[in-house]
Amino acid sequence: MDDIDRRILTVLQEDATLPVSELAKRVGLSTTPCWKRVQKLREDGVITKQVVLCDPAKIDLKLTVFVEIRTNRHNDAWLRKFAKIVREVPEIVDVYRMSGDVDYLLRVVVRDIEGYDAVYRKLIRAVEVFDVSSRFVMEKIKYSTALPLLDESSDAE
């Protein structure tokens, strides 16, 4: 992947609805080579999908909760069961296996505290956990789905 591919991805992460002609203009290519590069990025699995991002508050999902899970079960059967349940609960939008004193970190997006309690109850009914600690978001200061691809410090020179 070269600098032009990174510029294409940076622009597409901001607005994937741009026509190829506009994308090409922004990255300094003509339309056909730009289109071919986008297709290659898809074929190579760099671009995995295009989605619509929703404003959670405008669809009445105003509460974000980070949930720390600790388990004393570190075996394949438990992990498969845990992975299955977290994939089945749509309110659980991110799940990470962690190092350190927390085994798993979940991001849960719900309407309100009752919505979170329902998710919590589903989770503890489905898998045995040692400890669950929840942290409620008071204010979102920064949020992005865009991955950093360009060295921004080199642009300042």
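Nothing here was measured: the structure is a model prediction, and the numbers come from that model. (Residues numbered from 1 in each chain as written. Predicted model: local features only at pLDDT ≥ 70, side-chain atom pairs only at ≥ 80, totals over all residues. Heavy atoms only, no water.)

Draft legend 1. Main features of the overall build of the chain. Along its length, the chain carries 6 helices and 4 strands. The helix and strand sequence of the chain, counted from the amino end, reads α-α-α-β-α-β-β-α-β-α. Its C-alpha radius of gyration of 20 Å places the chain more than 25% over the 15 Å reference for a compact globule of 157 residues. Based on the C-alpha atoms only, the size of the chain along its principal axes is roughly 55 × 35 × 30 Å. (Helix = DSSP H or I, 4+ residues; strand = E, 2+ residues; numbered from the N terminus. Rg over C-alpha atoms; globule rule 2.2 N^0.38 Å.)

Draft legend 2. Quick look at the pattern of salt bridges. Summed over all chains, the structure comprises 15 salt bridges. One salt bridge in this structure joins Glu 22 and Arg 26, with 2.9 Å as the shortest N-O distance. Remark: Arg 26 and Glu 22 occur in helix α2 (residues 20–27); sequence separation between them is 4 residues, near one turn of the helix. Three or more residues are tied together by salt bridges with common partners; here these are Asp 2, Asp 5 and Arg 37. (Salt bridge = Lys/Arg side-chain N within 4 Å of Asp/Glu carboxyl O.)

Draft legend 3. Fine view of helix α5 (residues 113–126). The end-to-end C-alpha separation of α5 is 20 Å, in line with the 20 Å expected for 14 residues at 1.5 Å each. Of all the residues in α5, the buried ones are Tyr 116, Val 119 and Leu 123. Buried residues of α5, seen end-on, are gathered within an arc of 60 degrees and therefore sit on one face of the element. Facing away from the buried side of α5 by over 90 degrees, the exposed positions are Glu 114 and Arg 125. As for α5, its buried residues are in contact with β1 (63–70), α4 (76–88), β2 (92–97), β3 (104–110) and β4 (131–136). (Expected span 1.5 Å × (residues − 1). Buried < 20%, exposed > 50% of the residue type's maximum accessible area, 1.4 Å probe, protein only. Arc of directions from axis to C-beta. Contact = heavy atoms within 4.5 Å.)

Draft legend 4. Broad picture of empty space enclosed by the protein. In the structure shown here, the tally under the stated rule is 1 cavity of 30 Å³ or more. One number sums up the size of the largest cavity: a volume of about 30 Å³. Listing elements by their share of the lining of the largest cavity, those giving two or more residues are β3 and α5. Of the residues forming the lining of the largest cavity, the biggest block, 4 residues, is contributed by α5. Partitioning the lining of the largest cavity into residue classes produces 7 nonpolar, no polar and no charged. (1 Å grid on protein atoms, 1.4 Å probe; cavity = no way out; pocket = protein on both sides within 12 Å on 5 of 7 lines; lining within 4 Å. Points joined across faces, edges and corners; volume = space filled by probe spheres on them. Nonpolar A, V, L, I, M, F, W, Y, C, P; charged D, E, K, R; others polar.)

Draft legend 5. Region of interest: the packing of aromatic side chains. Applying the stated criterion across every chain, the model contains 5 aromatic pairs. Note on Trp 78 and Phe 82: the rings are 4.9 Å apart at their centroids and 10 degrees apart in plane angle, and the pair reads as stacked. Remark: Phe 82 and Trp 78 occur in helix α4; sequence separation between them is 4 residues, near one turn of the helix. Since its relative accessible area comes to 7%, Trp 78 is described here as buried. With a relative accessible area of 1%, Phe 82 lands in the buried category. Between Tyr 116 and Phe 136, the ring centres sit 5.6 Å apart and the planes meet at 90 degrees, which makes this aromatic pair edge-to-face. (Phe/Tyr/Trp six-rings, centres within 6.5 Å; stacked < 30°, edge-to-face > 60°.)

Draft legend 6. Expanded view of the environment of Leu 150. Considering the arrangement of structural elements, one finds Leu 150 in the loop between β4 and α6 (152–155). Under the relative-accessibility criterion, Leu 150 is labelled partly exposed at 22%.

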